[in-house]
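Listed below, chain by chain, are the residues.
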Amino acid sequence: MNKEGVILIAEDDEGHFELIKRSLQRAGVCNEILRFADGQETLDFLFVRGDGAKREHDKEYLLLLDIRMPNIDGMEVLEKVKNDPELKKIPVVMLTTTDDPRTIERCHNLGCSVYIVKPVEYQDFAEAVRRVGLLLSVVEVPQIDGMPKSKGVVK
Amino acid sequence: MHPDPVAAFDLITLLASAVGLIVMLRGWKRALEPKAKLVFLGLLVFTLCYGVCLFVEWSWDTRALDRIEDVIGALLPMWWAFVIYAFLAGIVEQELRERETRFQELYDEAPIGYHELDTEGRITRVNRTELDMLGYTAEEMLGRPVWEFSAEKEKSRDTVTDKLAGDIPPGRIFERTLRRKDGSTLGVLVGIRLLRDESGHIRGIRSTIQDITKRKQAEESLAQERNLLRTLIDNMPDNIYVKDTKSRFIVANMAVARLMGATTPNELLGKTDFEFYPQELAAKYYADDQNVIKMGQLLVGQEEPTVDPEGNRKWYSTTKAPLRDSRGNVTGIIGISRDITARKRAEDDREHLMETLALKNEELESVLYVTSHDLRAPLVNIQGFGNELSRSCDLIHSALKDKVKSADMNGEVRTVLNKDVPEALGFILSSATRMDSLLSGLLRLSRLGQAAVHIEPLDMNAMLTDVTKSMEYQVKEAGVTVDIELLPPSVGDASQINQVFSNILDNALKYLDESQPGMIRIYAKIEDGQSIYCVEDNGVGIAGEHQSKIFEIFHRLEPDRKSGEGLGLTIVRHILDRHNGKVWVESEPGKGSKFFVSLPSV
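Note that the structure is predicted; figures quoted are calculated from it, not measured. (Residues numbered from 1 in each chain as written. Chains lettered and ligands numbered in written order. Predicted model: local features only at pLDDT ≥ 70, side-chain atom pairs only at ≥ 80, totals over all residues. Heavy atoms only, no water.)

Points about the pattern of salt bridges
Residue and element names in this part refer to chain B.
Here's step 1: The full count for this structure, using the stated rule, is 37 salt bridges over all chains.
Here's step 2: A salt bridge links Arg-230 to Asp-234, with the nearest nitrogen and oxygen atoms 3.2 Å apart. Here Arg-230 and its partner Asp-234 are both found in helix α7 (residues 213-235), four residues apart, which amounts to about one turn of the helix.
Here's step 3: Judged by its relative accessible area of 32%, Arg-230 is partly exposed.
Here's step 4: The partly exposed category is assigned to Asp-234, whose relative accessible area is 23%. (Salt bridge = Lys/Arg side-chain N within 4 Å of Asp/Glu carboxyl O. Helix = DSSP H or I, 4+ residues; strand = E, 2+ residues; numbered from the N terminus. Buried < 20%, exposed > 50% of the residue type's maximum accessible area, 1.4 Å probe, protein only.)

Laid out in structure tokens, this is it:
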């Protein structure tokens, strides 16, 4: 992922978002970060609808998705994204409080790339997010509507 | 003595007289008429005289008595005539005697009683059958008025009087009750006929007595039985009915009548269900009846709906059996049906209750599940920002340390920065951690309620070996000997039952008595279709007052000393509840504990 890649964080809890953002930055990720407060906002952005910010065709995206959100929950967002022939190329990282094995299995079946449980222990949390950062530095993020780009390196 | 033709003649006469005497003697024995007896005495005297004469003549060899002999001799033909008469009379008499005996035998041994009365109604003759019937001797009955032996004296006397007066036509038979000698009564049929002498005058009455007690008893007991049956049928709360092959009622009880809206069971007789029930129901009952009749087979406990006269919907459990005649042909059906409306209603209620309960339970589980999740979200913030704060504090601390001399810093601020804030943050963070572990415990428990149970046969020896193997490290660390005896199999969910024994063993290892080497023994027995397993340890034991609490959620015996969420045994109980199993403990402080687990053995 190169520096132009945008990290989308769907997170209804402002505190969580702040913690995630800080951890990512501390892990050295300095990409642009966009926050959506619920599933609807996220979908509007991705499917280029509504009045808010909209996805741009030539940009790379990575989605961090919480599950328990008002209106449309993360699971539904994941399903819609993965059912769309274009959007399904976006890597999705589930970052949520739910550690129910069945939920985890469902997310994997729907096609999420990584599933991370938000640990309460701060160190663990930071570690988990750091790993996401690391992940971002090694995964090949395809450009939507275009040819895949070469492996991006963060830093 | 020389041979003398006269003497020889005399001798023959004497012999003939003797023969006549013997013949007469036999006649005597048969009690001849008095006239014949006189003749006999005369003959006796004649024979004796004759004999004496002969004796005298022979003894003294004289003929002096010849004249007397002549006189006697002149009488000889007449004597012979007597002898012949006596002989013939004897034969006639014997024949009469025999006939009389035969008659008497018949009379006495007749299967019915006989008695004869004189014109005063007194008994002149009675046979043995009647004597046996009444228990009297002949002497006790003869000469007494016949009505003295009746239980209805007046009636009996009137009948006798009327009969003697000729007011009762011949051939009539009366039912009477007689009284026995022992006081008991006897039902009889009495037939009476008049006795007349040769000239046609009424001489008395002869009666035949027929014992009808048995017949009366049979009739009575039949009537009683019928009454009993009828009372039983009528008072049965169940419907009882008999129908013919065309499904017409032959018998019905009150319950049937009430259900069908009739006032009495008789109203139903000869009618069919079609005249009482809605067409659809009647057709169904008719089809069932006909099926039983055609197949000749029982219909047992069929639960079927019906409606009572008020239109209320009811449920009945009906049994129908084919009714057969003595040759085995089906002549109809007999039906019994019981009102099970209340039971049905209770079943429905129960089902409804179970549904509600299941729903409530589901609701509870989901509340628990959602709550534990949503409660974790704020905790993430508390922890996260707590750490952010302590990080900020560290930054401030190091920044101040470098740039400001310690002396310049207010002592109070220093205390706050060095001690108060880190301490406060420490409490906040550890509480959040604790809260998180409680929540994840709750979550695990609620997940257990949602997990499906796959019941299968379990090889418990293999399972317990697995469980101990997975805990090998702790077992070795604690220096504990684990002894598993031969265990009977049981049925349950493999992973959940594994969890049960893991938790119990984990507990045993956690609460060892450090003063002695740890010993854990696992054994079992089968009781009432349940396999009962026991995990026995020689650890610290549990005081009586704690024993019931150890299965409660979050209950921990030594929260400060031992790690854990206080959920292990709660989970054990929860799992066993879902397996129709049980868990209980027997323990004494200082002597160790026995944890029992019962599971269905098949």
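On we go.
A short note on the interface of chain A and chain B
Here's step 1: Contacts between the two partners involve 23 residues from chain A and, on the opposite side, 21 residues from chain B.
Here's step 2: Summed over both sides, the interface between chain A and chain B buries roughly 1900 Å², with carbon and sulfur atoms accounting for 51% of that surface.
Here's step 3: For the pair chain A and chain B, the number of links is two salt bridges.
Here's step 4: Measuring nitrogen to oxygen at the nearest pair gives 2.5 Å for the salt bridge that ties Arg68(A) to Asp374(B).
Here's step 5: At the junction of chain A and chain B, the tally comes to six residue pairs in polar contact (both at pLDDT 80 or more).
Here's step 6: Breaking the side of chain A that touches chain B down by element, the ones donating at least two residues are α1 (14-26), α4 (101-110) and α5 (122-138) of chain A. (Contact = heavy atoms within 4.5 Å. Buried area = accessible area lost by both parts, 1.4 Å probe. Polar contact = N/O pair within 3.5 Å; in protein donor to acceptor, adjacent residues only side chain to side chain.)

Some remarks on the confidence of the model for chain A
Residues and elements named next belong to chain A.
Here's step 1: Per-chain confidence: chain A averages 78 in pLDDT, with 76% of residues scoring 70 or above.
Here's step 2: The element-level mean pLDDT for chain A is lowest in α5, coming to 66, with helix α3 (residues 74-83) highest at 92.
Here's step 3: Across residues 145-155 the pLDDT falls below 50, and counting only partners more than four positions away or on other chains, this stretch makes 24 contacts in the model. (pLDDT = per-residue confidence, 0-100.)

Comments concerning the pairing of strand β17 (residues 592-600) of chain B
Residues and elements named next belong to chain B.
Here's step 1: Judged by how many residues are buried, β17 sits mostly within the fold: eight of nine residues are covered.
Here's step 2: In this structure, strand β15 (residues 530-537) lies alongside β17, joined through seven bridges in antiparallel fashion. When the bridges of β17 are listed, Ile-532 appears paired with Ser-598.
Here's step 3: Pairing analysis gives seven bridges linking strand β16 (residues 582-588) to β17, with the strands arranged antiparallel. In the sheet register, Val-585 faces β17, and the bridge partner there is Phe-595.
Here's step 4: Two successive antiparallel strands, β16 and β17, enclose a turn made up of three residues, where Gly-590 displays a positive phi of approximately 85°. (Pairing = 2+ DSSP bridges.)

Observations regarding the packing of α3(A) against α4(A)
Residue and element names in this part refer to chain A.
Here's step 1: Where α3 meets α4, the closest approach of the two axes is 9 Å, and the angle between their N-to-C directions is 20°. One element, α3, and the other, α4, form an angle in the roughly parallel class. Taken as a pair, α3 and α4 cross one another with a handedness that is left-handed. Packed against α3, whose contacting residues are Met-75, Leu-78, Glu-79 and Lys-82, the element α4 presents Thr-103, Arg-106, Cys-107 and Leu-110 at the interface. (Axes fitted to C-alpha atoms, helices over the stretch in contact; angles between N-to-C directions. Parallel < 35°, antiparallel > 145°, perpendicular 65-115°, else oblique. Left-handed = near helix turned anticlockwise from the far one by under 90°.)

Some words on the pairing of strand β1 (residues 113-117) of chain B
Residues and elements named next belong to chain B.
Here's step 1: β1 sits mainly inside the fold: four of its five residues count as buried.
Here's step 2: Note that β1 and strand β5 (residues 202-211) share five bridges and pair antiparallel. Note that in β5 the partner of Glu-116 across the bridge is Arg-206.
Here's step 3: Strand direction decides the pairing type here: β1 and strand β2 (residues 123-126), joined by three bridges, are antiparallel. Counterpart to Glu-116 in the pairing with β2 is Arg-125.
Here's step 4: The antiparallel pairing of β1 with β2 creates a hairpin that spans five residues between the two strands, and Gly-121 there sits at a positive phi of about 85°.

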